[in-house]
Amino acid sequence: MRARRIRLGDAIPGEVRASDGDNNTHKKQRKSTVPLLAVVAVLCWVSIALLWSNGPMTPVPTGTGQSPKNSTSLGAAFVGANNRPRIPRRLVFTYKYNLLEGASPPPPLDLPLKINVLRTIDKYTKFWNMTDQVAAAKYDYFKRRFPEEHVEMPIDEVPVVSFLDDTGCLKVIEQADARLVDVFKYEERGPFKADICRVAELYMNGGWYFDIDIGVVNPIDFEEIGITAYSLPREHLKLLRDGRRERRPSEEDIVTFATVFNAQGRFFQAFTAATPFHPVLKRALNHMVAYYNGSLAELLSKEAPELVASSRTQKGGVPSRDKPMGAGVGPYTLATAFAATLDSEWEDYVGRLFQESGYVRKRGPGPRLKSDKLASRRHSRFLFESLLGDDTKGLFADVPLQDSGEKKIHWCNFVCFGGQKVYFYSRVRGSKGCPFKQKS
């Protein structure tokens, strides 16, 4: 008789799932599951102890920034536990040259950046390996618990680092949208070049992009970040002070896009993550082309007229290459692309991810009644940027000021948080935005 195939998540009894992670501790547990929970807990702690006993990890190999040929397949390269699609475990950085290559040390001003990139790689590699070992412990447990069943082991790829210099950027830009190749070549502003490169790389390959000068406090864990309708940090801070939490996602509210909202409710691209060929990133590439040829206002009047209307109430209107008006090309066009991408486009894209990964959905597309239930919100996660101090009083007490005991430096104490945890400083100590200073 052929064994019935079940997914790991489906094999977990409801009481065990309720104990797995802080986001489910509100569920009631039955007394009869205490021995079961004890076994799972021991396995998890043993896995973590084994990981920590291994000591520092060898940095993962870095990629050249080259992308695969134009393939429209979305699934196999980023299937996680239980066949649920997820953002690929690719750490993406960009700079005018590759800080990780070459035996000679970088220039003095770049040395703190290199150290910081290596630290980011190390923290995420250890975190992802830890979560994998916990998953493996659960798998071993269920193999013994259900010997007659075929329990599917989570498929996890080895983390890869893609550090793109100007040459690597040009290669991936040509594949993503060749119209931006000359734009990148002749763009003299470094941050604008990085804006173009990161969107092209994430569109073609997906991954987790980080500015080289952000300071990791905790690796980002989407399991601890809920679905929010907010776009302003102060709104989320009020939610935390009121003792409330974001709406918890269902198993099918997978994460396909993530970034940060700053104090003004605008995108802050120091961190951006996405699955490959995302419709928001595709539209962002097109919006960047329009930004540089001066047709963005016309394009937005068709795709998102409300953005054009709101920009008219502000000084200057829609930014362009000749009139940037203080708006970076990347954050602005990513925000306009996010706003202009229809809910049906999100649903179609996510449906394709599920189909190609082999995941069988238990329900159809989610409701579209409230803003926090739109597909663009259900399949995105957002961090918020805020200044440590009065704005965060009573919160994040475990995160120290980077310039404690010194003359205050503006960017040193901005942090990016999600859920109830700080994930990184906006600028790490030793960077241009938070330079080393003498004691006052």
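You'll find the structure just up there.
Conventions and cut-offs
- Residues numbered from 1 in each chain as written.
- Predicted model: local features only at pLDDT ≥ 70, side-chain atom pairs only at ≥ 80, totals over all residues.
- Heavy atoms only, no water.
- Helix = DSSP H or I, 4+ residues; strand = E, 2+ residues; numbered from the N terminus.
- Buried < 20%, exposed > 50% of the residue type's maximum accessible area, 1.4 Å probe, protein only.
- Areas by Shrake-Rupley, 256 points an atom, 1.4 Å probe, with all protein chains shown as cover.
- Expected span 1.5 Å × (residues − 1).
- Axes fitted to C-alpha atoms, helices over the stretch in contact; angles between N-to-C directions.
- Parallel < 35°, antiparallel > 145°, perpendicular 65-115°, else oblique.
- Left-handed = near helix turned anticlockwise from the far one by under 90°.
- Contact = heavy atoms within 4.5 Å.
- Nonpolar A, V, L, I, M, F, W, Y, C, P; charged D, E, K, R; others polar.
- Disulfide = S-S within 2.5 Å.
- Core = buried A, V, L, I, M, F, W, Y, C linked by side-chain atoms within 4.5 Å.
- Salt bridge = Lys/Arg side-chain N within 4 Å of Asp/Glu carboxyl O.

Moving on, we come to the overall build of the protein. Summing up its helical and strand segments, the protein has 14 helices and 12 strands in all. Every one of the 440 residues in the protein was classed for burial, and the buried ones make up 53%. Accessible area for the protein stands at about 21,600 Å²; split by element, carbon and sulfur atoms hold 55% of it.

Here the focus is helix α12 (residues 329-340). For an α-helix, the turn length of 3.6 residues means that residues three or four places apart are oriented alike. Here α12 contains 12 residues, and its C-alpha end-to-end distance of 16 Å stays within 8% of the 16 Å for a straight helix at 1.5 Å per residue. The buried fraction of α12 is high, at 9 of 12 residues. If you check which residues of α12 are buried, you get V329, G330, Y332, T333, L334, T336, A337, F338 and A340.

All right, on to the packing of helix α5 (residues 166-176) against helix α7 (residues 190-205) then. Relative to each other, α5 and α7 sit at 55 degrees, their axes nearing to 8 Å. Between α5 and α7, the interaxial angle falls into the category oblique. For the element pair α5 and α7, the recorded crossing hand is left-handed. Of α7, the residues touching α5 (which contributes D166, C169, V172, I173, Q175 and A176) are K193, I196, C197, A200, E201, Y203, M204 and N205. Of the residues that constitute the contact of α5 with α7, the class distribution is 9 nonpolar, 2 polar and 3 charged.

Glancing now at the state of the cysteines. As enumerated under the stated definition, the model contains 2 disulfides in all. One disulfide in the model links C169 with C197; its S-S distance is 2.1 Å. Across the disulfide from C169 to C197, rotation about the S-S bond amounts to roughly -85 degrees, and the bridge is consequently left-handed. Here the residue C169 occupies a position in helix α5, and C197 occupies one in helix α7, the gap between them amounting to 28 residues. The pair C169 / C197 is uniform in exposure class, with both members buried. Each disulfide in the protein links cysteines that, numbered along the sequence, combine into the pattern 1-2, 3-4.

To continue, consider the nonpolar core. Among the nonpolar cores identified, the biggest contains 58 residues, and I173, L180, I196, F257, L281, L285 and F396 are the most heavily contacted of them. Looking at this core element by element, the count peaks at 9 residues for helix α9 (residues 279-293). Formed by 32 residues, the second largest nonpolar core is a distinct cluster that contains I87, L99, I225 and V255.

What follows covers the pattern of salt bridges. Counted under the stated rule, the structure contains 15 salt bridges. R189 serves as the salt-bridge partner of E187, at 2.8 Å between the closest nitrogen and oxygen. Assessed through its relative accessible area of 7%, E187 is described here as buried. K421 is the salt-bridge partner of E224, the closest N and O atoms lying 3.0 Å from each other. In this pair, E224 is assigned in the loop between β7 (215-216) and α8 (233-241) and K421 in strand β12 (residues 421-425), connecting sequence segments 197 residues apart. Judged by its relative accessible area of 27%, E224 is partly exposed. Put simply, D195, R198 and D211 are held in one network by salt bridges that share partners.

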